[in-house]
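Reading the structure
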Amino acid sequence: MTPRPPAVGRAILRLLPSPHRDFVTGDLTEEYVDTVLPERGRLRADSWFVGQSVRSVWSFARYRGGPSRSERVARPSAREVRYAFRGLMRRPGHSALAVVTLAVGIGTATSVFSVTDAVLLRDVPGVEGQEALATVSFSHPRTGGESPISLPNLRDLGEASPAVAEIAGFTRALFQLSIEGLPARSGWSQIVTGGYFEMLGVAASQGRLFTREEAESMDGAPLAVVSDAFWRGTLQRDPEVVGRSLRINGLPFTIVGVMQPDFRGIERLDSLDLWVPASQHVALRHGQGIPGWELEGRGAAHFANTIIRIDEGAQIDDTEEQLQAAMTNLVEAYPDHNERYAEAVPTVDAGIGISASDRSRLAPTLQVLAGLVVMILLVTCANVANLLVLRALQRRDETVLRRALGAARAHLFFQNLAEALILALPAVLLGLMIAVGVNGVMWSSGLFPTGVATHTTIDARVFAFAAALGILTACTFGLLPALLHRDAHQHRAVQAARRASSRSATLLQGGLSVVQLALSLALVGSVLLLARTSSNLTSVDPGFVSEGVVAIEVDPGPQGYRGEEVSDFRAALVDRVGSIDGVEAVAASGFPPFGHIAMQLEVREPSDPSQMLTSRADWVTGSFFDAIGIGISHGRPFTLEESTIDAEGRTAVVLSRSLAERLFGAPERAVNQSLDVAVFGQPMEAFVVGVTADIIDANLRREPHPKMYVAMPGSPQSFTTLLVRTQRPTQALAAEVRSAVEEIDSNIPLGSVAELEDLVANATVRERTFARLSALLAAIALLLAGVGLYSVVAYAAAQRRREFGIRLAVGASSVGITRLVLRHSLVFGALGVGLGVAVFLAGSRLLAGIVFGVASTDPLTLAGAATLLLMVTVAASLAPALSATRVDPAVTLRSE
Amino acid sequence: MTTRGLGEFEQLLLFAVLRLGNDAYGVRIRQEITNRAGKDVSAGAVYTGLDRLQSRGFVSSEEAESAPSRGGRRRKYYRLEPAGARALESTYSKVRSMAEGTLDELRAVAAEGKAGGLS
């Protein structure tokens, strides 16, 4: 068989005026078959043919002259644009809807993909050669807990591993900052070892960064490098910033430089205020003289996260192997200090930009959101396509007439093109505005952790892609009808052409509606799942009373309080706050429910001493159990006075019910038992005084963790949260607590104040925001699908007016006519639902990690979405169906 | 019919029709221009150009039988008319007499421009 040139090219050639069309098509076909195809192969021959077709049409479009006036093809002119504009204004509502919805599609897709790019994909600004960078974590295979590294270990690991070209350590910390003449504030900073800046290839824009010597030497000076944002904001662009002093956690530091403006930290969401040398780590934490808090020596503080530059040519696997071997050597050489790494396994995570925990939390959300906006974009494109096809159908008579009067094919072609562009271009502009708006909403929506850098910029490439997709859709479907009616000028075939082109166009329109319905079903299904997830999570009972409890953070540590000083401060504060009017109960907690961090410890199982069990832990005062209403079911709570450490040196603890059952079989058997506990690897002998209820303290999706409450004085940290139960307004209470703190030490600031109820609600903010955002998207999709379907059904019904008239004349009932119309639309509805279910099931895997309390393929949800879709189908076709029954048979027949 | 001269593309078209003689139809004309003049033109441009020349009486055309690889579509053969030959001769001889003896210098100046552009 003779090979045929590509259909696209042949379709384009049909735009040529008829006397030339055959010759040009013939020539190109002949050359394609005889010369180009054998010489260049299929792909290049096809593209040659299409290119020639486009250029040929273009030649004719520009051609004035020729033998026959009626076949003259004129240049596209302002007239076509005017016609197109007038045509669209005849249906202003539908045209505006198409513009607005296409803009919504382009805007939401742009902003969601920009955010995804900013969070997950983009290079970290300012960092050089980041493809060779990697973070290393040493994690315990059983507990999953990660161990930071000490400075001496860091150096040894780097030296012993040839695959590691460079190694550095860093840790992030929130410090209290005060600068003379400015109000005190807290700020995120990174404590970094020598070589950190060199590895990243960052430089100072003013002054200098600190050297390796300064970063690591024991007697290094207290230096700080501030971020560009900190310099511009807090320091108000002070031109003499270098050499200025500031206090960090109460200690004097000297600013030596300002970081280059684009570098904000090694995570994309970072927005650090300053960098300080590792040499200051111990001082900043007020850890001088405390065992395990030195910088140097084998007992040095294990504080650093590890970042490496992998040697050229080395693989991740090699690197992990070498680090594992190096760590094994370190454990053998210094068993006293490195015992914690005995079982640790190094994981090299290629690339920087997002922490593993952020990635696991944000990636699924963004993936689902991206999937939803892609569907929205497709629905809006389908909607524009539908509108343009409908426009062309309505204009068919006009087209036939103009062709009969000698209007050139290219004129009509350009009119269609103009129409498509008139819809698409404003949509692109509006889309850009929507993208900027949605971008702002997303960054402030609670989807992201607070305190991250808010990138309000949208990505130009993403926008260009979404805009191009919108314009391409508009042009394709604007021009398709022109090709469908290519023969409409042959008047002997006018009637046949009308029927043929209307059939193919209706099929096209119907197909578009089916796609819209299918995507809407998938969207509605997703939204129902997200809404159920949100409502399921909100109704989870965490097991404690959060209403009327205010959580107030306070930390005497940065002011140098240590050991018993901290205990005394806390005891004094609890005492003072307890005597404030209207306070019903007050407790102190180290790691409160739904707080920033959780704490774990290990317990030796009494029945099998070889087994260590991991449990959550909190250090609390005895009033804790009353303050959050969980009480003590067996035994008693510890009291503040009764030193919680008994005569035998044992620490009083209260077990959660599940932990008591796990360790002793039944809660009542746990009371007055002793337990071997390890906190941070340090042994502690515990004595169980009571058992309390289980609570969910962080993740509402999980079952309660077994938890051990340890008497407050032994707390490993100075950071404290007061839990105050009161009926008084939060702000009034906060003011009184503030003065209570000041009475004890006026240098200690009050940290954040929040209602416990809000903290619990915050845990589901992502789900609720997500459900709301996607509900909005689904509502748009559903509206568009309805409008699209309405136009198809209404048009098809209008085409059959004559048939309905005859049917009514020969005695058909109006119910019968209604049924005819409805049957037509329900076919589309059913196809849409069928396809939609398939799309939904294919995409449900994405939702599996997000839904809670409902399966991602939940049949009830699917049935609900399908019912909603069919209701929209019926609603969209009801008006056309009713108008069909009002056809007057006499009028219809007379017009024939 | 008209005294307007011929453009470059029109000259190429007329020479191609002349060279091809009895074989002067779309595909050959396009290939002749591409191969000899190194100018890649579209099939559409060949027809609009010839159409314009025909309306000025410079060429005439005749429709003839098809080849299987054209899918049954006819070919259109063109022939150079005396008016066309006169117009082409007049235009070309003007160019030639102006060009006479300057070709070496022309190339030298063009090469200079190139070298200058690089420095």
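Residues numbered from 1 in each chain as written. Chains lettered and ligands numbered in written order. Predicted model: local features only at pLDDT ≥ 70, side-chain atom pairs only at ≥ 80, totals over all residues. Heavy atoms only, no water.

Quick notes on the packing of helix α1 (residues 8–20) of chain B against helix α4 (residues 82–99) of chain B
All names here are of chain B. Under the convention used in this document: Axes, fitted as lines to C-alpha atoms, cover a helix only where it is in contact. Angles between the N-to-C directions of the axes lie from 0 to 180 degrees. Secondary structure elements follow DSSP: runs of H or I no shorter than four residues count as helices, runs of E no shorter than two count as strands, and numbering proceeds from the N terminus. Angle categories: roughly parallel below 35 degrees, roughly antiparallel above 145, roughly perpendicular from 65 to 115, and oblique for all the rest. Crossing chirality is assigned from the near helix's rotation relative to the far helix, an anticlockwise turn below a right angle marking it left-handed and a clockwise turn marking it right-handed. Contacts were defined at the residue level, with two residues in contact if any of their heavy atoms lie within 4.5 Å. Each residue gets one label: Ala, Val, Leu, Ile, Met, Phe, Trp, Tyr, Cys and Pro are nonpolar, Asp, Glu, Lys and Arg are charged, and the others, such as Gly, are polar.
The interhelical angle for the contact between α1 and α4, taken along N-to-C directions, is 125°, at an axis separation of 11 Å. The angle between α1 and α4 falls in the class oblique. Once α1 is placed against α4, the crossing between them reads as left-handed. Along its contact with α1, which presents Q11, L14 and F15, the element α4 presents G84, L88, T91 and Y92. Split by residue class, the contact of α1 with α4 holds four nonpolar, three polar and no charged.

Details of the nonpolar core
Residues and elements named next belong to chain A. As a reminder, the rule being used: To qualify as a nonpolar core, a set must consist of buried Ala, Val, Leu, Ile, Met, Phe, Trp, Tyr and Cys residues joined through side-chain atoms within 4.5 Å. Here's how the labels work: a residue is buried when its accessible area is under 20% of the maximum for its type, exposed when over 50%, partly exposed in between, all with a 1.4 Å probe on protein chains only.
The biggest cluster of nonpolar side chains holds 86 residues, and the ones touching the most others in it are V119 and L372. Ranked by the residues each element gives to this core, the list is headed by helix α13 (residues 356–394), at 15 residues. If sequence neighbours within four positions are ignored, L372 has contacts with L523, S526, L530, S774 and L777. Among the nonpolar cores identified, the runner-up in size contains 46 residues, and V583, V671, V677 and V737 belong to it.

Describing a nonpolar patch on the surface
Put simply, the test is: Patch criteria: residues need more than 30% relative accessible area and no salt bridge. Like-charged residues are merged within 9 Å; nonpolar side chains of Val, Leu, Ile, Met, Phe, Trp and Tyr are merged within 5 Å. Here the open area of atoms and residues is found with the Shrake-Rupley method and a 1.4 Å probe, where only the protein chains shown may cover a residue. Salt bridges are defined as contacts in which a side-chain nitrogen from Lys or Arg sits within 4 Å of a carboxyl oxygen from Asp or Glu.
The grouping of L826, L870, V874, L878 and L882 of chain A at the surface amounts to a nonpolar patch, some 350 Å² of accessible area in total. For L870 of chain A, the position within the fold is in helix α27 (residues 859–885).

Remarks on helix α18 (residues 564–578) of chain A
What sets the pattern is the α-helix's 3.6 residues per turn: residues three or four places apart point alike. All names here are of chain A. The criterion, for reference: Take the number of residues in a helix, subtract one, and multiply by 1.5 Å to get its expected span. This arc corresponds to the set of directions leading from the helix axis out to the C-beta atoms.
A rise of 1.5 Å per residue sets the reference length of α18, with its 15 residues, at 21 Å; its end C-alpha atoms lie 21 Å apart and thus fit the reference within 8%. Here α18 has its buried residues at V566, S567, F569, R570, L573, V574 and V577. Down the axis, α18 shows its buried residues gathered within 160° of arc, on one side only. The exposed residues of α18 that point more than 90 degrees off its buried face are E564, D568 and D575. Buried residues along α18 sit in contact with β13 (549–554), β14 (583–589), β22 (720–726) and α22 (730–744).

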